[in-house]
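So you can see what is in the structure, the chains are spelled out below.
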Amino acid sequence: SVHTEWGAVFDKQQLVSTGRRVVSGIEPHTPFDRWNTWQMVRGRQDMCIRRGDQLLKQNGGWAFSEVPLESPEGFEDLSGMEDDAVEGVCDTMLVMDFGRFVQRPCPPQPPRMEPWEVGYGLRVEIDSFLAGPYEEDVLAWALILKEEVADANLGSETLGKAESCWRAYNSESGKVNPIIHDVEVAAIMADGRGPISLLLAEGVKTGRTYTACIAMLTDVGWSAFSYPSRSVHVKQRPGLMDGILSLVLPPEDEQMLMMSALSNLKKSEPKRSVPFFILPSHLQPGFSAPVATKSSTMDPCELLSKRRLLKMSLVLPNGRPKGLHVAEEGGNTLLVAEEGSWQGKENSPMLNLSNMSVPWRLCSGDFIVRINGLAGAEKMLQELNRNPPVLAIEILRGCGGKKESETAQVFDLDRELDDHCQRLVSEIRTHGLLSSDAELASLLVGGRDDLIQKALDKAQKFKNDVVPKRPSDGAPVPEAEDMDNAIKMEAQRRLLVLRRFHMMESCAKESEKGQLSEACRLLQVAMADASFSAAKLGQKIEEFKQFGGSAVRASAPAQILLKRAIFQRELWHWRERLRSERRDLKEAVEEMVRMEMMDQEHTKRFPGRPMNQDDVEKIVQARNVLDRQVRQGRSFRRQLIFDMAEAEAVLNRNLHSAAGQRKLSPEEEYARFNPERTLSVGKKKGWW
């Protein structure tokens, strides 16, 4: 939803001093937070957005300091935040490129590759000296092949055409497979300092030409892939050696001879723990690197590869389901023995995860841990016996895992975000840059032309001394030169733009037209403010009206820009209120439940004795605060479905109690809702 905050908090000092957007934190329950959560589930910690990461690109373009994170285009046609067209106009999907300064090994030299003398395949030689100064530190290798295919034969939307010309060698299967989206690949374990000879047949097509690239794994991580090896053509017709062997062997046995030798070689290899990796999309030799995962052969990194207790927040709008049966579980939870029935049960929504669909409703076997703000089996049973019109329930649902002795981990599901985030975390592009180019890319998105000029001079000197050269003629490697030139050209353009901005500032006082142009530019910069402050934007809007003067009222483009800015201010203000309301509502519910516990504890310890006046005033004050927060939160009901249902249930329970509603005796409660009693179901099943 467009109402959802993205969740990245940027360093204010960096924004003011250089204009760069450097991450200082991630807000919980936001798209960025769920991105990190699912990357951790998949065992890819390097792909989490961390403190210190810098936003470099956005939706394919450089994320300059004056470019807004979400486009305001179309805002001028909206009447307000409740306009039904809001969801269809604003950005609800962003593609962002972040930069992170890390130390990684430099790319190795390309491997040696040649065709088989007998049969149809490729022989790839990987020697430790290819690692250069990291010769003794290599733990594993990654091998990819590029098939020389015409662009016309590639296409993801055309039936029968490959999506990519890249292939990856999987050491576990010994096959060369097309690079498939989000599929993990087993690395090649380094064999000390000795050479590794790989015979590739399965997955290699005859009559095609291939080049090979390798990457190496050390203690500090994966290097980028090497630049391509020389091209090798896999023959389609028998060669001289094949012709000689065909005098002795039947033609179909020539290939089987090599395949049998390859199979015997695999069987003789000892079983070792093999690291796994995935490959980013849009591979670029010399810059793209494998993405490390924590998967193993027996323990893949998937949500349900481990025992999980899926935590879900449910709202039952019709109260206690008819036919619901629960069993007390250890004094802390209730086990749902029979889920019962309720109106709309068959139409309950489903949350689609990577390898399963989770019904978002109460199911038999669930563990209830909280009902209308109350925890503990006894208190939850009392609330079920009271049978309020709405139940806000938190449940744990056990699933996944192969080992019964394994301790289950609680995983909090987010119905709104997880359906998308768990799929989008596989859309990964990673590229490494040389240190000078990385510094230049980091600075060019800011607003300091002096820093960009210094970095540009430094990058030019670095290029002449360090950029990889071809051994044959000493010329720069084409791939490195292309990437280097692209960043430098963008930096030069950026310098021209910033200097033009300075000229506009100096000319703004000389003419009315110059004042209008400068006023529009300053307002656009305010709309791109990465702090998302509605107050700051509101101040800039007032300055825009005063600074532009009558020219603003006479200019149609200026009026459109002003309308967009006003609506964007409303959107940011609305998000601030939503964040504040979610926090305050939670605090008010927790305080009211705490006051309830204090009241019950006093009644239990001192039956018939009234509470002192100070404690009574605390309870009344907590009830009044909760009542105020509930009234304020009604404008955010669509975004705070569970929070509002729980808060209203807690408030109604306390209002009825304050009105002197007669409490049922334990015998009456037992007669109304008779729970079964069991103390060890969860323990026997290994959930805790």
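The structure displayed is predicted, hence computed values, not measured ones.

## Re the overall build of the protein chain
Stage number 1. Each helix and strand counted, the protein chain has 18 helices and 27 strands in total.
Stage number 2. By element, 51% of the accessible surface of the protein chain is carried by carbon and sulfur atoms, the whole surface being about 36,000 Å².

## Let's talk about the pairing of strand β9 (residues 166–170)
Stage number 1. Of all five residues making up β9, five are buried, and the element is well covered by its neighbours.
Stage number 2. Neither face of β9 is exposed, since Trp166, Ala168 and Asn170 on one face and Arg167 and Tyr169 on the opposite face are all buried.
Stage number 3. Bridge count for strand β8 (residues 140–147) against β9 is three bridges, and the pairing is antiparallel. Its bridge partner being in β9, leucine 145 is matched across the sheet by arginine 167.
Stage number 4. Here β9 runs beside strand β10 (residues 175–178); their pairing, made up of four bridges, is antiparallel.

## Details of the sheet that holds strand β6 (residues 112–115)
Stage number 1. If you walk across this open sheet you meet the three strands as β6-β7-β13, and the pairing is antiparallel. On the outer flanks of this sheet lie β6 and β13 (196–200), each paired with one strand and no other. Looking at each pair of strands side by side, their axes are set apart by 20° on average, direction ignored.
Stage number 2. Here β6 pairs with strand β7 (residues 122–126) via four bridges, running antiparallel. Within the sheet, the bridge partner assigned to proline 115 lies in β7 and is leucine 122.

## What to know about helix α15 (residues 613–633)
Stage number 1. Between its first and last C-alpha, α15 extends 30 Å over 21 residues, near the 30 Å set by a 1.5 Å rise per residue.
Stage number 2. Listed in full, the buried residues belonging to α15 are Asp615, Ile619, Ala622, Arg623, Leu626, Gln629, Val630 and Gly633. Each buried residue of α15 sits inside an arc of 130° when the element is viewed along its axis, so together they form one side. Residues of α15 that are exposed and point over 90 degrees away from its buried face: Gln613, Asp614 and Gln621.
Stage number 3. The distance from a side-chain oxygen at the start of α15 to the backbone nitrogen of aspartate 614 is 3.2 Å, and the residue carrying that oxygen is asparagine 612.

## Concerning the pattern of salt bridges
Stage number 1. One pass over the full model with this rule turns up 30 salt bridges.
Stage number 2. The residue glutamate 383 makes a salt bridge to arginine 653 at a minimum N-O spacing of 3.2 Å. Linking glutamate 383 in helix α6 (residues 377–386) with arginine 653 in helix α16 (residues 641–658), this pair joins segments that are 270 residues apart in sequence.
Stage number 3. A relative accessible area of 2% places glutamate 383 in the buried class.
Stage number 4. Relative accessible area serves as the criterion here: at 8%, arginine 653 is assigned to the buried category.

## Observations regarding the nonpolar core
Stage number 1. Among the nonpolar cores identified, the biggest contains 33 residues, and Trp38, Leu334, Leu362, Ile368, Ile371 and Leu413 are the most heavily contacted of them.
Stage number 2. Sorting the residues of this core by element identifies α2 (31–41), β19 (308–316), β21 (333–338), β24 (367–371), α6 and β25 (391–399) as the ones contributing at least two each.
Stage number 3. Dropping the residues within four chain positions of it, tryptophan 38 is found in contact with Leu303, Leu353, Phe411, Asp418, Cys421, Gln422 and Val425.

## Thoughts on α2
Stage number 1. Of the positions making up α2, those classed as buried are Pro31, Phe32, Arg34, Asn36, Trp38, Gln39 and Val41.
Stage number 2. Structurally, α2 contributes buried residues whose contacts are with β1 (8–10), β2 (23–26), β5 (96–99), β19, β26 (409–412) and α7 (418–424).
Stage number 3. Where α2 ends, the next residue or the one after it, glycine 43, has phi of about 75°, a positive value.

## Details of the packing of helix α14 (residues 556–605) against α15
Stage number 1. Here α14 crosses α15 at 150°, and the two axes come no closer than 9 Å. Relative to α15, the element α14 is oriented roughly antiparallel. Classified by chirality, the crossing of α15 by α14 is left-handed. Facing α14, whose interface residues are Glu581, Asp584, Leu585, Ala588, Val589, Glu591, Met592, Met595, Met598 and Asp599, α15 presents Asp615, Lys618, Ile619, Ala622, Arg623, Val625, Leu626, Gln629, Val630, Gln632 and Gly633.
Stage number 2. Here the residues of the contact of α14 with α15 are counted per class, giving eleven nonpolar, three polar and seven charged.

## Comments concerning the confidence of the model for the protein chain
Stage number 1. Across the protein chain, the average pLDDT comes to 80, with 79% of residues at 70 or higher.
Stage number 2. Note on residues 155–163: pLDDT is under 50 here. Beyond four places in sequence and across chains, it has nine contacts.
Stage number 3. The low-confidence segment residues 240–255, where pLDDT is below 50, has 16 contacts with residues more than four positions distant or belonging to other chains.

## Side note on unusual backbone geometry
Stage number 1. A positive phi angle, close to 60°, is found at histidine 29, a residue other than glycine.
Stage number 2. Along the chain, histidine 29 turns up in the loop between β2 and α2.
Stage number 3. For asparagine 59, which is not glycine, the phi dihedral falls at a positive 50°.
Stage number 4. Positionally, asparagine 59 belongs in the loop between β3 (54–58) and β4 (61–62).
Stage number 5. In this structure asparagine 59 comes out as partly exposed when scored by relative accessible area, which is 43%.

## Considering the sheet that holds strand β18 (residues 291–293)
The pairing of strands in a sheet happens through backbone hydrogen bonds and is either parallel or antiparallel.
Stage number 1. The three strands lie next to each other as β11-β17-β18, forming an open sheet whose pairing is antiparallel. Looking at the sheet topology across the chains shown, the edges are occupied by β11 (185–186) and β18.
Stage number 2. Pairing geometry for strand β17 (residues 276–278) and β18, over three bridges, is antiparallel. Pairing of phenylalanine 277 across the sheet is with alanine 292, part of β18.

## Points about the pairing of β21
Stage number 1. Note: strand β20 (residues 325–329) against β21, five bridges, orientation antiparallel. Residue pairing across strands places histidine 325 opposite glutamate 338, the latter belonging to β21.
Stage number 2. Where β21 lies against β24, two bridges are found, and the strand directions are antiparallel. Each residue of the ladder has a partner; that of leucine 335, found in β24, is phenylalanine 367.

## Quick word on the environment of aspartate 584
Stage number 1. In this fold, aspartate 584 is placed in helix α14.
Stage number 2. Judged by relative accessible area, which is 24%, aspartate 584 ranks as partly exposed.
Stage number 3. Sequence-wise, aspartate 584 and glutamine 629 are 45 residues apart; in three dimensions their C-alpha atoms are separated by 7.2 Å.

## Considerations on the environment of valine 149
Stage number 1. Tracing the chain through its elements places valine 149 in the loop between β8 and β9.
Stage number 2. C-alpha separation for the pair valine 149 and cysteine 165, spaced 16 residues apart in sequence, amounts to 6.3 Å.

Each value, and the rule that gives it
- Residues numbered from 1 in each chain as written.
- Predicted model: local features only at pLDDT ≥ 70, side-chain atom pairs only at ≥ 80, totals over all residues.
- Heavy atoms only, no water.
- Helix = DSSP H or I, 4+ residues; strand = E, 2+ residues; numbered from the N terminus.
- Areas by Shrake-Rupley, 256 points an atom, 1.4 Å probe, with all protein chains shown as cover.
- Buried < 20%, exposed > 50% of the residue type's maximum accessible area, 1.4 Å probe, protein only.
- Pairing = 2+ DSSP bridges.
- Axes fitted to C-alpha atoms, helices over the stretch in contact; angles between N-to-C directions.
- Expected span 1.5 Å × (residues − 1).
- Arc of directions from axis to C-beta.
- Polar contact = N/O pair within 3.5 Å; in protein donor to acceptor, adjacent residues only side chain to side chain.
- Salt bridge = Lys/Arg side-chain N within 4 Å of Asp/Glu carboxyl O.
- Core = buried A, V, L, I, M, F, W, Y, C linked by side-chain atoms within 4.5 Å.
- Contact = heavy atoms within 4.5 Å.
- Parallel < 35°, antiparallel > 145°, perpendicular 65-115°, else oblique.
- Left-handed = near helix turned anticlockwise from the far one by under 90°.
- Nonpolar A, V, L, I, M, F, W, Y, C, P; charged D, E, K, R; others polar.
- pLDDT = per-residue confidence, 0-100.

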